[in-house]
Amino acid sequence: MTTNGATSDRQPGKLRLGMYWASSCGGCDISLLEIGEHLLELIEVADIVLWPCVADFKYRTVADYPDGYIDVCLFNGGIRSSEQEQIARLVRRKSRTLVAYGACAMDGGIPALANLKSTREIFDAVYHSNPSLQNPGHVEPQTHWATPQGDLELPRLYPQVLRLADVVEVDYQIPGCPPVGTQVWKVLQAVVAGEVPARNAAVRVGCDNRSVCDECHREKRKVRIKEFKRPHLAIPEPNWCLLEQGFVCLGASTRSGCGALCPKAELTCRGCYGSAGLATDQGTAMLSAIGSVMDAVTEERANELVGQIADPTGTFYRFSLASSTLKAHR
Amino acid sequence: MSQVETVQPPAETETPLAWEPRIIAFLCYWCSYTGADNAGTSRLKYPANVDIIRVMCSGRVDPDLIMIAFAQGADGVMVCGCHIGDCHYIAGNHKTMTRMPLLSRVLQDFGIEPERFVHEWVSAAEGDKFARLVRQVTEQVRQVGPLDWPGRMYRRGVGHGEDLQPWGDQA
C-alpha cells in the first residue's frame with residue numbers, strides 16, 4: 001500500500017483504489033473499515049492512491065496522475081463549494097470508474113437539508129446569531145484576500161448542495177449513511193473480480209430494489225395511524241410496525257439493502273438509502289404513503305393528524321433533498 | 001433535471017409585463033371534471049389561466065406530480081375531487097384529504113406560498129363553484145406574482161459547467 005501517492009512502487013496488476021470526501025462527515029471513510037478483516041484481502045489486490053482521510057495526498061499529486069489512472073474512486077459527500085466541484089472534476093478525469101459513495105454524494109444527505117435556507121441565513125446562523133458565538137467584528141469568511149505577499153483565494157460556498165452526479169458523470173451509486181459494511185464488501189468483491197455491472201449513472205449497487213419494509217421483521221396489523229408520536233416521547237411496542245404505531249418511519253419509501261438495521265433497534269427508518277423502486281423523489285413518496293394510512297374520515301381529523309407530524313420536510317427528505325424535484329428553497 | 005450541467009437557460013417567451021399566472025388543475029373524472037364541464041355548458045366565465053388535467057381520482061394525484069408542476073414552471077396548482085363521502089372509489093379522496101395539507105406544509109418549507117396551492121372539493125353539479133374557485137385562485141396567484149422555479153434555479157448560477165480553479169490550471 002502506498003502512503004504518499006508515489007506511483008513508481010505500484011505492483012503490476014494491482015488495482016488502484018481512491019476515496020475522496022467532499023461535503024460529508026467522514027463516516028463514509030470509516031465505513032470502508034467496516035469490511036473488517038476483508039481489508040487485508042483488499043490490500044492484497046489494491047493500492048490506495050488517493051484517500052485524504054488516512055494519508056496525505058496533495059491535490060498536485062492527483063493532478064499529476066495520468067487520466068484514468070485510478071481504477072475505482074469512491075467519492076463521498078455532496079458538492080457544497082467550488083473546491084469540491086473542482087476536485088470532483090479532477091477526480092472524474094483521473095478515474096476510470098467513479099462511484100458516488102453514500103447518501104451525501106448520491107442524494108445530498110444531511111448537508112442538503114441546508115438547501116431549505118439561503119446562504120445568507122446560513123452565514124447569519126453560523127457567524128452572527130448563534131447564542132454561543134462571540135463575533136463582535138462581524139467577521140465572515142471571504143473568497144478573496146489581498147496580502148502584501150499576494151492575493152489569497154478561498155473556495156466559494158455554493159447557494160445549495162449538489163449531488164456528485166450534478167457536476168460530473170457518475171458510474172455507480174452506493175447508497176447509505178454510511179453504506180453497510182457487508183454491502184460495501186460485496187461491491188468491492190465485484191470490483192476486484194472484474195464483475196462490475198455495465199456503466200450507468202442510474203445503477204445503484206450495494207443495495208436491493210425493494211423497500212426497507214420488505215426486509216423489516218415487524219408485523220403489520222393493518223391498522224391506521226391514530227396519533228403521531230415522536231421517538232423521544234414514546235416507547236415503541238416491539239415487533240409491531242412502527243408506522244402503524246404512529247412513529248414516522250421512512251421504511252416504505254426507502255431502498256432496502258441495509259437489513260432494516262434501524263427498525264431492528266426499535267428506531268424508525270431514517271431513509272438513508274434513498275428512494276426505492278422507480279420513485280425519484282423520496283419525500284413525496286413517503287408523503288403519499290403516510291397520507292394513505294391515516295385514520296381520518298373528516299377534514300378536521302385529517303388536519304389534526306397532519307399537524308402532529310413534526311417537520312415533515314426535514315423528516316421525509318432527511319437524506320435526499322438534493323435529489324428532490326424542487327431541490328432547494330426558492 | 002438530473003444533470004445541472006445540461007440545464008439550459010429557460011426560453012424567454014414573453015416579456016415580464018405580459019406575465020399571466022399559469023395554473024395547473026388536477027380534476028377528478030367523476031366529480032370535479034364534470035363540474036368544470038358544467039361551468040362550460042352553463043356558459044359561466046372564468047379566467048383562461050388554468051390548464052386542466054383530468055385524472056381518474058384526486059387520490060391518484062401523486063404529490064410528486066404537484067412538485068413537478070411547480071418545478072417545471074407552474075405558478076399555481078389546484079387539486080379538486082369529489083366531496084368527502086361522494087368518492088366514486090369510496091375512499092380515494094380520503095387520501096387527498098390527508099396528503100394535500102401535509103404537502104402544503106412541505107411546499108411552504110420550500111418557499112412556495114399557500115396561495116399557490118389549493119385543494120378543494122367540487123361536485124359534478126358545482127359548475128358555479130368551480131368558476132368561482134378558478135377566479136379566486138387566479139387572483140391570489142396574481143397577487144403573489146410569478147414563481148418561475150426553473151429560472152430561479154438557473155439563476156443560482158451553480159453547475160453550468162463553471163470551473164473555478166483556485167489552485168491554478170490542473171488540466
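To keep things clear, this report deals only with the structure shown in the data block. These figures come from a predicted structure and were not determined experimentally.

A few words now on the overall build of chain B. For chain B, the count of helices and strands is 5 helices and 4 strands. If you list the helices and strands of chain B from N to C, you get β-α-β-α-β-α-β-α-α. Looking at chain B residue by residue over its 171 residues, the buried ones come to 44%. Considering only residue pairs separated by 6 or more positions, chain B has 82% of its internal contacts joining residues 24 or more positions apart.

Turning our eyes to something else, we now look at the sheet that holds strand S1 (residues 15-21) of chain A. Residues and elements named next belong to chain A. Pairing within the open sheet is parallel, and its 5 strands lie in the order S2-S1-S3-S5-S9. Unpaired on one side and paired on the other, strand S2 (46-50) and strand S9 (172-174) mark the two borders of the sheet. On average, adjacent strands in this sheet sit at an angle of 30° to one another, irrespective of strand direction. Relative to S9, strand S5 (residues 95-101) runs parallel, the two sharing 3 bridges. Bridged to Ala100 within S9 is Gln173. Across the sheet, helix H4 (residues 82-94) touches S1, strand S3 (70-76) and S5, and the angle it forms with S5 is around 135°.

Listed as interface residues are 41 residues of chain A and, on the opposing side, 37 residues of chain B. Those elements giving two or more residues to the side of chain A that touches chain B turn out to be helix H3 (59-64), H4, strand S8 (157-162), helix H7 (164-167), helix H11 (282-291), helix H12 (299-307) and helix H13 (312-316) of chain A. Split into classes, the residues belonging to the side of chain A that touches chain B amount to 20 nonpolar, 12 polar and 9 charged.

For helix H3 (residues 92-109) of chain B, which comprises 18 residues, the first-to-last C-alpha distance of 26 Å matches the rise-based estimate of 26 Å (1.5 Å per residue) to within 8%. Phi turns positive, to about 90°, at Gly111 of chain B, one or two residues after H3 of chain B.

Residue and element names in this part refer to chain B. Read across the open sheet, the 4 strands follow the order S2-S1-S3-S4; overall the sheet is parallel. For this open sheet the edge positions go to strand S2 (50-55) and strand S4 (117-121), each flanked by a neighbour on one side alone. This sheet shows a mean twist of 20° between the axes of neighbouring strands, independent of strand direction. When strand S3 (residues 76-81) meets S4, the two strands line up parallel, connected through 5 bridges. In the strand pairing of S4, Val79 is matched with His119. In the packing of helix H1 (residues 32-41) onto the sheet, contacts are made with strand S1 (23-28), S2 and S3, and the angle to S1 comes to roughly 115°.

Scoring rules and cut-offs
- Residues numbered from 1 in each chain as written.
- Chains lettered and ligands numbered in written order.
- Predicted model: local features only at pLDDT ≥ 70, side-chain atom pairs only at ≥ 80, totals over all residues.
- Helix = DSSP H or I, 4+ residues; strand = E, 2+ residues; numbered from the N terminus.
- Buried ≥ 20, exposed ≤ 12 C-beta atoms within 10 Å, placed from the backbone.
- Contact = placed C-beta atoms within 7 Å.
- Pairing = 2+ DSSP bridges.
- Axes fitted to C-alpha atoms, helices over the stretch in contact; angles between N-to-C directions.
- Nonpolar A, V, L, I, M, F, W, Y, C, P; charged D, E, K, R; others polar.
- Expected span 1.5 Å × (residues − 1).

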